[in-house]
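Observations on the three-dimensional arrangement
Letter by letter, the chains look like this.
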Amino acid sequence: MKVGTDGVLLGAWTQCDVEPRRILDIGSGTGLIALMMSQKFSEAQIEGVEFDPEAFAQCTENFALSPWKNRLAAKRSDFKSFVSPHKFDLIISNPPFYTEDSKSPDTSRQMARSASSLTYEDLLKGVSTLLSEAGSFSVVIPFKEEGVFLSIASKLKLFPNLITRVRGQADKPIKRSLMSFGFGEKTCVQDELVIEISRHIYTAEYIRLTQDFYWKMRN
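**Some points on the overall build of the chain**
A count of helical and extended segments in the chain gives 7 helices and 9 strands. Looking at the chain as a whole, 47% of its 219 residues qualify as buried. Summarising the internal contacts of the chain: among those between residues at least 6 apart in sequence, 70% fall at separations of at least 24.

Now the structure itself:
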């Protein structure tokens, strides 16, 4: 799986009110987001969960080659059967984003892109049992699925506290929703992020958000 904008956005955008001690990355893929969390939260122990064997192997290798390898661990597991002896202060996920069947002939890519491999219900039920009482859950989903996702989350007493809706360019439709949830119901801050001014010319806000993780944003 390639490094994608969604994963970079989610990792760069995610924040916590308090420094998390334990972080869970659901559907780690290459390990990108877990590695970003290691860079961002210097005291946290990060665990990545990945089911696909090839992605898991790549994730494990990337963890081992990183300067934060002592704080990273990967587990090969279907999240629906994943169990942990402890709760997590931060849970983060870039979940499968096609609720309709994917047409990709590549089985691994199809699993990563089709919500049939991990439904929103399964994801949120797992999060609700693994998240600490004061913890937060960050996720990126298609904007068109935002209402459905919020409805499922509310039934599990997970409430949004921050929503950032993402446009590729200012005159383009909203494509993604970055959302942060917690168990405490409070006023939800909502804003927008525009990625580009024009093709490969990035907005100042996108550069500020991602420059700690993209070398090209520092030039």
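**Here's the deal with the confidence of the model for the chain**
Looking at the chain, the pLDDT average stands at 90 and 90% of residues meet or exceed 70. In the predicted structure, residues 99–105 sits below a pLDDT of 50 and forms 10 contacts with residues beyond four places in sequence or in another chain. Across residues 109–116, where pLDDT falls below 50, the model places 21 contacts with residues more than four positions away in sequence or in other chains.

**A look at the packing of aromatic side chains**
Per the counting criterion, the structure on display carries 5 aromatic pairs. Clustering of aromatic rings is evident, with ring pairs tying together Y120, F137, F149 and F181. When the ring centre of F51 is taken as origin, the NZ or CZ atom of R76, which lies over that ring, is 5.4 Å away.

**Remarks on the sheet that holds strand β9 (residues 201–202)**
As summarised here, the arrangement of the 9 strands in space is β3-β2-β1-β4-β5-β7-β6-β8-β9, forming an open sheet in which the pairing is mixed. Pairing within the sheet leaves two strands with one partner each, and these edge strands are β3 (72–76) and β9. Direction of pairing for strand β6 (residues 159–169) relative to strand β8 (residues 189–198): parallel, over a ladder of 7 bridges. Its bridge partner being in β8, R165 is matched across the sheet by E192. Along the sheet face, helix α1 (residues 5–13) touches β4 (88–93), β5 (131–142), β6, β7 (174–182) and β8 and points at about 35 degrees away from the line of β7. Where helix α3 (residues 53–65) meets the sheet, it contacts β2 (45–50) and β3, and its direction lies at approximately 165 degrees from that of β3.

**Here we look at the pairing of β6**
By the criterion of burial, β6 is predominantly enclosed, with 8 of the 11 residues buried. Between β6 and β7, which pair antiparallel one after the other, the connecting turn spans 4 residues.

Reading the values: the criteria
- Residues numbered from 1 in each chain as written.
- Predicted model: local features only at pLDDT ≥ 70, side-chain atom pairs only at ≥ 80, totals over all residues.
- Heavy atoms only, no water.
- Helix = DSSP H or I, 4+ residues; strand = E, 2+ residues; numbered from the N terminus.
- Buried < 20%, exposed > 50% of the residue type's maximum accessible area, 1.4 Å probe, protein only.
- Contact = heavy atoms within 4.5 Å.
- pLDDT = per-residue confidence, 0-100.
- Phe/Tyr/Trp six-rings, centres within 6.5 Å; stacked < 30°, edge-to-face > 60°.
- Lys NZ or Arg CZ within 6 Å of the ring centre and 35° of its normal.
- Pairing = 2+ DSSP bridges.
- Axes fitted to C-alpha atoms, helices over the stretch in contact; angles between N-to-C directions.

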